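Spelled out, the chains give:
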Amino acid sequence: MSDEPATTKTAKGSSCRHMSRKPCCQGLYRLLFSTRERCTHALLAANVTLLLLGTTLFVVNISILSLDAGDALLQWAYVGMIIDGVVVLISGISGLVLTYSVWGDKGDAFLSSTTLPLPYLAIELTSLVLNALFTLANMALAIKVEINKVFSDDTQFVLEINYVLGFCIFLATLLAHISYHFLLNPRLESRYVATEVDIKTLENDKLMKLWGDQINAAYGTKYIGAWDGHGALSLMKAMKKAMTGGPDSPIPFTRGVVLRIDTKCEKSEMDMKKKQKSGQEDDAKLEPDKMEEGEGGSLAAVIFITVSERFDLASYVTGCCGSVLSSMFGASSCIPILTLRWGVVGFQWPFHGGIFLTRKSDKPIDDMSQVQRALVHWNRVSKTPCNVLMAPCYITQLDSYSFECSHFLNLEVGPSVIVDLRRYHGMEYKTFQRVALKKGNRRNHIGYFEKKGGTYTVSRQFQDFDAKHHEVHASLCGQTAQQRVGRGEARLICPVTPGIVKSLQDNHMKEFRRVFGIRVNGEAAGAAMLFEFPKSSLMTSDMQGLQHEIARPAHAYFAMLALTVELCLKERIDFLDFGPTTLDPKLDVGGRLIPTRTGYYTHSVVLRSFIKGGLDRFRQLNQEVEDRLKNEKKTEPTWAWAQPYVEIDFQHLTPALKKLYNVQPKLIPFPNPDAEDGKNSAKNNKNKKSKRSKKNKQKSPGKGGNPGKKTKKQLNKERAKQRRKNKKAAEKAATALADAKEALQKNPEDEKLQMAHEKALKTWEAANALVKADQEHSSNPSQRASRAPSATPSISVGAQKIDELNRKKGIARASSGDRKIGSDKGRHAHVFFFFFFFFFFF
């Protein structure tokens, strides 16, 4: 990080500092906070001062406490200053620990990944409140003592010392807070300048083609998270038309901003003033016909920002209190004081970062950090700056490694799920399931969905799914969003409305989007938007909505995931991005977890602390899934979720990253089992035939034997199966008997009910007798040779039906006539067989 004074110039050539400050204040700020070293020295001095002042305050008031024991008011004043001294001591010690963490070579990394801890902020606030309260009390008492002349001069002197020390503590605390604030939010220079682009520029096809080619050529389109430049620019245009800002926007109170980042033009302030006087536009606003040349420097990046003008903080408060706060001070209220202007540097749909570099640099991390600094500077000088800038990205992208240099708060959030299909090209979906998924995840959700009356539509014409697709799609997404809020999840920054769906239909190029809709028995049950980036070989599934009452019984959500994977396999797409929510179902269809980081930039030290605390709780929700995958005992090398990173997965790969993520040099596709089977079909058939012949030889007893006779193992399985069937039949008969008995009690004179009850009773007795016989046979080894015919002395109608079912299925009940035992030698062998079978079974 540069330690140069923060004199970043705006687009108009003025300093980026607040213009309302007086020259003397600006000089003081430059003296104390212009460099990181000065800020660190000021922080150290402030905390050492607090330590000394707190100790002095404590010692002075402890020594005077016993002298003025007669007056209760003075006693309370002294005790209050003693408590204030202890709190100031704790605050000073905590501040020294923070100063030590900031000091040194790793200070930047510490500042970009941490915040002021909430306990420290609480101590600091408590110190300020107590200090203000008791300082005023001591001042009032000192005036009273001086007027009345009741107490000694020592008492008056101590009271005066107290309020002077209190005033000094206030100044030292303020200095420490401002020093830490400037360490977290320094004024950093950038060699780039950001300019807002209007919709007319985005409709210039020639210019958009040039920019798209530059984005694709900069760092390629094959790393994880890469977007096709032309698809990204088309999506920017569609989103900007759907996000116009204000209450009348298709998405209310949401604005889309497109920025171009150019190299700064070195012009003197005098030239700029002349331009302003002559009425010419400043160099920050470039004319559309000169955009290709890039007046003021060549194009370095294109950025899209989704600005939520009323980000509702009250929605995070649950229960009745949250509803009351939201209605009084939330986004839709007349006094929206509990709202922030929140800027996502990227897209909500799909959830992706919005910084697209247009040229490759020898120092890519530094180049990205310069772009981010230009973005922060644009936000500072904007007429309506965002309170928070949030920049999401994958760990494979440059953004995540430049946050530190740009002093964004660099935090890890929940992982996203991407299905990496590069190793499985040419496979059918069932083969992919067999190779890439573990056995428990190979369920046929598609077959079950179709069996329940499910149909699906994948089309570039949205009307193929529904004539009023934009309304149906928005309604389905609204139901899903409400369900997530009901589970305690955060509200969406950019909700799905009919306006945004229609804008994507009309303004986003057809080759970059498709609609995926499902119906169950003719009724719309779910819909999703498939965004495509052909040159990146990437598809994302977003804006997914479900009508759960219809979709859940048909397993429609799981079928949608499986059908999307099947579509990508057919079209040989490399990556399918499912996004960061509902991890388990997406992992079950072949997804892998890609860690995601997010950079936050805000001036407020308190907001930084609350953001970090909220993300820590969000991380805990997904930690269980990650831990389960890490602790998986059995892992096959072909399973999709366990695939390693390769070098082309990263936008910029450093030796440290290569070691950290165990990056492999090359991607090795897996062989297609179906193709291998086709090549070696003759050999496999011979092997199968030889195996069958061996099995037949083993089963055949030889000459004079019975080739069709079943083995002991087969007979044992069939008997166990029959016992289970008899048990189930007894349970069903008992349920039927209970129902018949209940019906008969209501109408005891009904003859039909009486007959039904008698029939159910007989069926239950017969089934129960079979179960008892099976239990006696399994518990008594002597009865294994034969089952006595008297086990069921009176075979009822129900028992005959059960026996008929058994005979139809080819499974006879074990009885003395089941086997023909000819001689004594055969009988002995038979008994020996059953004793051997008994020990084998148990």
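To be clear, the structure that these remarks concern was listed above.
Notes on the structure follow. (Residues numbered from 1 in each chain as written. Predicted model: local features only at pLDDT ≥ 70, side-chain atom pairs only at ≥ 80, totals over all residues. Heavy atoms only, no water.)

A look at a positive patch on the surface
- Residues Lys721, Arg724, Lys728 and Lys732 make up a contiguous surface patch of positive charge.
- Assignment of secondary structure puts Lys728 in helix α25 (residues 712–746).
- Owing to a relative accessible area of 55%, Lys728 belongs among the exposed residues under this scheme. (Patch = residues over 30% accessible without salt bridge, like charges linked within 9 Å, V, L, I, M, F, W, Y side chains within 5 Å. Areas by Shrake-Rupley, 256 points an atom, 1.4 Å probe, with all protein chains shown as cover. Salt bridge = Lys/Arg side-chain N within 4 Å of Asp/Glu carboxyl O. Lys, Arg positive; Asp, Glu negative; His and termini not counted. Charge placed at Lys NZ, Arg CZ, Asp CG, Glu CD. Helix = DSSP H or I, 4+ residues; strand = E, 2+ residues; numbered from the N terminus. Buried < 20%, exposed > 50% of the residue type's maximum accessible area, 1.4 Å probe, protein only.)

A few points about the pattern of salt bridges
- In total, this model carries 17 salt bridges according to the counting rule given.
- Of the charged contacts, one joins Arg260 and Asp262 as a salt bridge, the two residues approaching to 2.5 Å between their closest N and O atoms.
- Residue Arg260 is classed as buried on the basis of its relative accessible area, which comes to 0%.
- Between Asp506 and Lys502 there is a salt bridge, with the nearest N and O atoms lying 3.0 Å from each other. Placement of the pair is Asp506 and Lys502 together in helix α17 (residues 498–507), with a separation of four residues, close to one helical turn.
- Residue Lys502 is classed as partly exposed on the basis of its relative accessible area, which comes to 39%.
- One network of salt bridges, with partners in common, ties together Asp420, Arg422, Arg423, Arg592 and Asp649.

Observations regarding the packing of aromatic side chains
- Summed over all chains, the structure comprises 16 aromatic pairs.
- Centre to centre, the rings of Phe304 and Phe347 are 4.7 Å apart; their planes meet at 10°, and the pair counts as stacked. Here the residue Phe304 occupies a position in strand β3 (residues 299–312), and Phe347 occupies one in strand β5 (residues 346–347), the gap between them amounting to 43 residues.
- The exposure class assigned to Phe304 is buried, which follows from its relative accessible area of 0%. (Phe/Tyr/Trp six-rings, centres within 6.5 Å; stacked < 30°, edge-to-face > 60°.)

A word on the pairing of strand β12 (residues 523–533)
- Counting buried residues in β12 gives 10 out of 11 residues, a clear majority hidden from the surface.
- Sheet topology places strand β11 (residues 513–520) next to β12; eight bridges connect them, and they run antiparallel. Across the sheet, Arg514 pairs through a bridge with Leu530, a residue of β12.
- Here β11 hands over to β12 after two residues, with Asn521 in that stretch at a positive phi of 55°.
- Looking at chain direction, β12 and strand β13 (residues 538–546) are connected through seven bridges and run antiparallel. Bridging across to β13, Leu530 finds its partner in Ser541. (Pairing = 2+ DSSP bridges.)

Looking at unusual backbone geometry
- Backbone torsion omega between Trp349 and Pro350 reads -10°, so that peptide bond is classified as cis.
- With respect to the secondary-structure elements, Pro350 resides in the loop between β5 and β6 (352–353).
- Of note in the backbone geometry, Phe253 takes a positive phi value of approximately 55° without being a glycine.
- By the secondary structure assignment, Phe253 is in the loop between α9 (229–242) and β2 (254–263).

As for the packing of helix α12 (residues 364–381) against helix α13 (residues 399–406)
- Relative orientation of the contacting elements α12 and α13 amounts to 60°, with a least axis distance of 8 Å. α12 and α13 meet at a crossing whose hand is right-handed. Residue-level contacts link Ile365, Met368, Ser369, Gln372 and Arg373 of α12 to Asp399, Tyr401, Ser402, Phe403, Cys405 and Ser406 of α13.
- Each residue belonging to the contact of α12 with α13 can be placed in one class, and the counts come to five nonpolar, four polar and two charged. (Axes fitted to C-alpha atoms, helices over the stretch in contact; angles between N-to-C directions. Left-handed = near helix turned anticlockwise from the far one by under 90°. Contact = heavy atoms within 4.5 Å. Nonpolar A, V, L, I, M, F, W, Y, C, P; charged D, E, K, R; others polar.)

Looking at the pairing of strand β8 (residues 388–394)
- Counting buried residues in β8 gives seven out of seven residues, a clear majority hidden from the surface.
- Of the two faces of β8, the one carrying Val388, Met390, Pro392 and Tyr394 and the one carrying Leu389, Ala391 and Cys393 are both buried.
- The pairing of strand β4 (residues 339–344) with β8 spans three bridges and is classified as parallel. Within β8, the position partnered with Val344 by the bridge is Met390.
- Summarising the sheet, β8 and strand β15 (residues 592–601) pair through six bridges and their orientation is antiparallel. Bridged to Pro392 within β15 is Thr598.

Points about the side chain of Ser127
- For Ser127, the position within the fold is in helix α5 (residues 118–148).
- Setting aside residues up to four positions removed in sequence, Ser127 forms contacts with Asp84, Val87, Val88 and Ile169.

Focus on the environment of Tyr223
- Mapping Tyr223 onto the fold places it in the loop between α8 (205–219) and α9.
- Through-space distance from the C-alpha of Tyr223 to that of Gln651 is 5.7 Å; in sequence the pair is 428 residues apart.
- Once residues within four sequence positions are removed from consideration, Tyr223 is found in contact with Thr396, Gln397, Ile648, Asp649, Phe650 and Gln651.
- At 3.5 Å, the side chain of Tyr223 and the side chain of Gln651 are in polar contact. (Polar contact = N/O pair within 3.5 Å; in protein donor to acceptor, adjacent residues only side chain to side chain.)

What is shown is where atoms sit, not what they do.
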